[in-house]
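What follows is the residue order along each chain.
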Amino acid sequence: MPFPPLCRGGRPGRGGSYSRETAPGALRRRAQSRESWGRPARASSPRPPAPLPAELIWSPAMDPVRPGSPYQPLIEALGNYPQKKFYNVSKLGGTKYDTLPYSIRVLFESSIRNCDGFLVKETDAMNILEWKTKQNNVEVPFCPARVVLQDFTGIPAMVDFAAMREAVRSAGGDPVKVNPACPTDLTVDHSLQIDFSKCAIQNAPNPGGGDSQKPMAKLSPLKAQPRKLPCRGQTGCKGPCSAGDSSRNSGQFSAQIENTPILCPFHLQPVPEPETVLKNQEMEFGRNRERLQFFKWSSKVFKNISIIPPETGMAHQVNLEYLSRVVFEVKDFLYPDSVVGTDSHTTMVNGLGILGWGVGGIETEAVMLGMPVTLTLPEVVGCELTGTASPLATSIDIVLSITKHLRQADVAGKFVEFFGSGVSQLSVADRTTIANMCPEYGAVLSFFPVDNVTLKHLKHTGFDKAKLEVMEAYLKAVKLYRNDESSSREPEYSQVVQISLSSIIPYVSGPKRSQDRVAVNNMKSDFQACLNEKSGVKGFQIAAEKQNDIVPVQYEGNEYKLSHGCIVIAAVISCTNNCNPSVMLAAGLLAKKAVEAGLVVKPYIRTSLSPGSGMVTHYLSSSGVLPYLSKLGFEVVGYGCSTCVGNTAPLPDAIRNAIKQGDIIACGVLSGTKNFEGRLCDCVRANYLASPPLVVAYAIAGTVRIDFETEPLGTGFNGKSIYLRDIWPTRRELHTVEEECVISSMFKELKEKMEAKEPVSPQPIENAHVLLYLGDSVTTDHISPAGSIARSSAAAKYLTNKGLTPREFNSYGARRGNDAVMTRGTFANIKLLNKFIGKPAPKTIHFPSGQTLDVFEAAELYQKEGIPVIILAGKKYGLGSSRDWAAKGPFLLGVKAVLAESYEKVHRSQLIGIGIAPLQFLPGENPSTLGLTGREQFSILFPPELSPGMTLDIKTSTGKVFSVIALLENNMEITLYKYGGSLNFVARRFLQ
């Protein structure tokens, strides 16, 4: 019997009667019984699963030594710790091992430890050892130690697991067997939206500890029952319910509960938080009640998975601060920590010496089920850092400078590994910031081997002395410890890129792409050039006579003047910065000096402060700078991704209308990683990435058309002109505050806060129409549903027909488990440029009828008519963050293949994982050179047996025949494509 499309999640609990083992049938009964979550323990001790083939059920959490491994003789005791055991892989590798890059040594150790002759073979280990000659020529499996999910990609994963259980049961199997085999952590962090900001905070929040008495907001729709229970003494209760001092007595706690109107859907307990956070949490819990309860159901039903509740922090930040082990220790057996995750910023952990990167949701689910990640043995680019950075350069300046250098070095699809004298001058916070940015310059990951700086950091963040001693001894024994003072030579690399930190000066990035850097001292002239330049990747093509237009606007009883370059959104967010206290403290100290000098931010500017975890708020509060940020409008709006993923609240109507009527190029400034045009708001066309202190500075100035060297930010007390240099904090000031406020207790507080059938031959694609004809650099933002749901969209029409009002639409991210909404939101980006239409719009042509329709409506007609569709695209298709719905959405629209000039590597893998063929034009060819209009019909014939990188012929309805490359790079990808994707492959293995 054919399997159902497992990516069709729908609403949790929809369709049929479900048992505890298959889907959330008992969800509401459990919620009403007020069961507690308990502590979100690390997913490292799963209960023994039901019998399955050994290669599928084994996991290091059950037994760190894989049964039957031919390399067991390599196991030995660890020096002064005889009870500790490990694979001494350096003995097997000999001198070849010593020349391997550190990141490749981690791959090698994993292959030795997981070798079973089936999923991981001896030849795989030997290929990795021969990396110098085998790179780019062989595929190798990698079994990560753990998996990290965030809720946007986590909810479809859990829905898929529920669907997979149903499919296995329908086929006569035991659904209880469907559980993650690899330890998995899911952090609920992507549902936060900014509905409220600039609300008075009488007492600064202190999630890291201390009293938090304050007035509460009015009663909410989720109001507490008259009987308000305490947390029943569960010491592991985490998330909003545990905000505040753990030492407070029960009387104080009860009093706070009496005044708290909101119930956390996780803990079913009232939530104490400051007013702004409280109001945003109220909206978050109200919008997402069902999906949060579904997560709770999942945590109870599935084994070997823990779910971190909302308001704990962002996935990559929690991964860094709480989940990271650096060295795993299971039953006294040691091995390196490693991770794959569905968040593109999973790479942040490489700054701690933990090998990790982001993959698609489909591949992650396969890893959760015990399968390895298969990758082409990568090139490793050695990045040598020398010199010392300028005192005025922040870690963001270093990040953007390195981004530029590595983009120019063409590191796409490669590992990057840092070495040189400059590395030891970077703190772990700096390293994780740099590693976090690697998706923006195309690298798979950016690895900083563990060294003395790493160990000192871990000591300050709560690792006990004995564990650190064992960790250091183990890493040195397997030669995974980098020592600047050692006389041993550096590893050999595929190529070496040299970067002098001394050459780095402050930059911002924009106005449309993160790789377009602008020196701060050139910002004014560069923006002027953008106004003049032809519309494109940087230009806006504003007529010279309109470049100085001024639009007056009335707001809150006062008149303001908007002009090109005016700031309307300023967001200090923690996508790259919360791990680095110095830049966040710099923003706070700058705000303090600005307020003391009499500077203000115009009230119409949408300002916000979204920390990645309570740790950030803790040190901003304890350092005394949080009230000054609040005074300028930068209040804590909540903990989670917000502005960066398009969850900014709409601008005031008066401002929106003035911008549109005057055709003003308004600007947003944020300290994140994504600034694609229209991402923040459809009327904000220029967006710049900047360090947190520069975000605050530009917000005060109110415009990007300013030269900080010669023009004042504004007028302070007594009419005095205040320049940026007057309020910029010195490195000495930052160092003093950082030492006093960034202390180990912050990390300790967070740490306490916290699883057939044979494939058929590929079927031919016959007489397919082109659904979309796209150009270069089509990002996953253009493809995947993201941000708010536009009122005129196909998704909005669907929700309206279901009886929902626009206020109840929520965001695409919050509805990621609903295939009906997400399919309608695929290719719904307002900046999508379809060559059939000729202007940005989420529209296309349905060729049989000649109608211009929404992309979903056209795809729906094609499916009703039984006509397959394909996509034509240019270079770098799928650029940007890894998103599973960038593959699932097109699949559900009926897309059978994508034909592009080149692909972003992760997105190419996702297409294969869902069953869409990624095809590439031959070098030098594209639709224009082949004379294709996109209005033809295309027929693609697949041979019975596929081989990696084989050439296929395509015939059009006009009689033209041309060849393309099938980008199936290895046998695993061919197998997945034959099965119709990863989920079908794994589900069928359970039935085998």
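Being a predicted model, the structure only gives us computed values, none of them experimental. (Residues numbered from 1 in each chain as written. Predicted model: local features only at pLDDT ≥ 70, side-chain atom pairs only at ≥ 80, totals over all residues. Heavy atoms only, no water.)

> Hey, could you go over the overall build of the chain for me, with residue numbers and the actual values?
Counting its secondary structure elements, the chain contains 33 helices and 34 strands. Within the chain, buried positions represent 63% of all 992 residues. (Helix = DSSP H or I, 4+ residues; strand = E, 2+ residues; numbered from the N terminus. Buried < 20%, exposed > 50% of the residue type's maximum accessible area, 1.4 Å probe, protein only.)

> Give a description of the sheet that holds strand β8 (residues 333-336) that names residues and reports values.
Here we have 4 strands laid out as an open sheet, ordered β1-β2-β8-β7, and mixed in their pairing. Among the strands making up the open sheet, the edge pair consists of β1 (75-78) and β7 (327-330). On average, each strand axis in the sheet is tilted by 35° relative to the strand beside it, whichever way the strands run. Across the sheet, helix α16 (residues 465-477) is in contact with β1, β2 (81-87), β7 and β8; its angle to β2 comes to roughly 45°. (Pairing = 2+ DSSP bridges. Axes fitted to C-alpha atoms, helices over the stretch in contact; angles between N-to-C directions. Contact = heavy atoms within 4.5 Å.)

> An account of the packing of aromatic side chains is needed here, citing residue identities and associated values.
Across all of its chains, the model carries 19 aromatic pairs by this definition. Pairing Phe836 with Phe847 gives two aromatic rings, centres 4.9 Å apart and planes at 90°, and the pair type is edge-to-face. Here the residue Phe836 occupies a position in the loop between α28 (819-825) and β27 (843-846), and Phe847 occupies one in the loop between β27 and β28 (851-854), the gap between them amounting to 11 residues. Summarising the burial analysis for this pair, Phe836 and Phe847 share the class buried. It is Lys476 that lies over the ring of Tyr481; its NZ or CZ is 4.9 Å from the centre. A cation sits over an aromatic face here: Arg725 above Tyr723, 4.4 Å from the ring centre. (Phe/Tyr/Trp six-rings, centres within 6.5 Å; stacked < 30°, edge-to-face > 60°. Lys NZ or Arg CZ within 6 Å of the ring centre and 35° of its normal.)

> Mind laying out the pattern of salt bridges, listing which residues take part and the relevant values?
For the structure shown, the criterion picks out 28 salt bridges. In this structure, Lys592 engages Glu596 in a salt bridge whose closest nitrogen and oxygen atoms are separated by 2.8 Å. Placement of both Lys592 and Glu596 in helix α18 (residues 581-597) is noted, with a separation of 4 residues, approximately one turn of the helix. One salt-bridge network, in which partners are shared between bridges, spans Lys797, Lys843, Asp854 and Glu857. (Salt bridge = Lys/Arg side-chain N within 4 Å of Asp/Glu carboxyl O.)

> Explain unusual backbone geometry to me, using residue names and the numbers behind them.
With an omega of 10°, the peptide bond running from Gly510 to Pro511 counts as cis. Along the chain, Pro511 turns up in the loop between β16 (507-509) and β17 (517-519). Although it is not a glycine, Asp410 sits at a positive phi angle of roughly 60°. Relative to the helices and strands, Asp410 is located in the loop between α13 (395-408) and β13 (415-419). By relative accessible area, Asp410 is classed as partly exposed at 48%.

> Tell me about the sheet that holds strand β29 (residues 869-872), residues and numbers included.
Reading around the circumference, β26-β29-β30-β31-β34-β33-β32 is the order of the 7 strands in this closed barrel, with mixed pairing throughout. Strand-to-strand twist in this sheet, taken as the mean axis angle between neighbours without regard to direction, amounts to 40°. Pairing of β29 with strand β30 (residues 895-900) involves 4 bridges; the strand directions are parallel. Across the sheet, the residue bridging to Val869 is Val895, located in β30.

> Break down the nonpolar core for me, with residues and values.
Counting residues in each nonpolar core, the largest one holds 94 residues, and the members touching the most others are Leu355, Trp357, Phe415, Met471, Tyr474 and Leu475. The element best represented in this core is helix α7 (residues 151-170), accounting for 8 residues. Other than its neighbours up to four places away in sequence, Leu475 contacts Val326, Val327, Val450, Leu480 and Tyr481. Residues Leu589, Ala594, Ala597 and Tyr604 belong to the second largest nonpolar core, which totals 77 residues. (Core = buried A, V, L, I, M, F, W, Y, C linked by side-chain atoms within 4.5 Å.)

> Got a sec to walk through α18? Specific residues and values, please.
Think of an α-helix as 3.6 residues a turn; residues three or four steps apart then line up on the same face. Across its 17 residues, α18 extends 24 Å between first and last C-alpha, which sits within 8% of the 24 Å expected from 1.5 Å per residue. With 14 of 17 residues buried, α18 lies mostly within the body of the structure. (Expected span 1.5 Å × (residues − 1).)

> Give a detailed account of the environment of Ile871, specifying residues and quantitative values.
Mapped onto the secondary structure, Ile871 falls in strand β29. Owing to a relative accessible area of 0%, Ile871 belongs among the buried residues under this scheme. A sequence separation of 26 residues divides Ile871 from Ala897, and the C-alpha atoms of the two residues are 6.6 Å apart. Each residue touching Ile871, except ones within four places of it in the same chain, is listed here: Leu772, Leu774, Phe827, Tyr877, Val895, Ala897, Val898 and Leu899.

> I'd like a rundown of the packing of helix α31 (residues 905-914) against helix α32 (residues 971-979), residues and numbers included.
For the pair α31 and α32, interaxial distance at closest approach is 7 Å and the crossing angle is 40°. By the criterion of interaxial angle, the relationship of α31 to α32 is oblique. Listed contacts from α32 to Arg908, Ser909 and Ile912 of α31 are Glu973, Leu976 and Tyr977. Grouping the constituent residues of the contact of α31 with α32 by class yields 3 nonpolar, 1 polar and 2 charged. (Parallel < 35°, antiparallel > 145°, perpendicular 65-115°, else oblique. Nonpolar A, V, L, I, M, F, W, Y, C, P; charged D, E, K, R; others polar.)

> Could you give me a rundown of the state of the cysteines, with the residues and numbers involved?
Tallied over the full model, the rule gives 0 disulfides. Not part of a disulfide, Cys143 finds its nearest cysteine sulfur in Cys182, a span of 8.5 Å. (Disulfide = S-S within 2.5 Å.)

> How would you sum up the packing of helix α15 (residues 452-460) against α16? Please name residues and give values.
Interhelical geometry of α15 versus α16 gives an angle of 160° and a closest axis separation of 10 Å. When the axis of α15 is compared with that of α16, the two are roughly antiparallel. In the crossing of α15 with α16, the sense of the turn from one axis to the other is right-handed. Residue-level contacts link Leu455, Leu458 and Lys459 of α15 to Leu468, Met471 and Glu472 of α16. (Left-handed = near helix turned anticlockwise from the far one by under 90°.)

> Just give me the short version of the environment of Phe942, but keep the residues and values in it.
Mapped onto the secondary structure, Phe942 falls in the loop between β32 (938-940) and β33 (951-956). When the C-alpha atoms of Phe942 and Ile765 are compared, they prove to be 8.3 Å apart, with 177 residues separating the residues in sequence.

> Lay out the pairing of β30 in plain terms, naming residues and giving numbers.
Most of β30 is tucked away, with 5 of its 6 residues classed as buried. Bridge analysis of β30 against strand β31 (residues 917-921) gives 4 bridges, and the strand direction is parallel. Pairing of Ala900 across the sheet is with Gln920, part of β31. Taking the sense of rotation as the criterion, the β-α-β connection linking β30, α31 and β31 turns out right-handed. (Right-handed = clockwise from strand over helix to strand, strands pointing away.)

> Go over the confidence of the model for the chain with me, naming the residues and quoting the values.
Of all residues in the chain, 76% have pLDDT values of 70 or greater, and the mean over the chain is 78. Ignoring residues within four places in sequence, the model shows residues 1-57, a span with pLDDT below 50, making 155 contacts including any to other chains. Taken together, the stretch residues 198-273 has pLDDT below 50 and engages in 169 contacts with residues farther than four places along the chain or on a different chain. (pLDDT = per-residue confidence, 0-100.)

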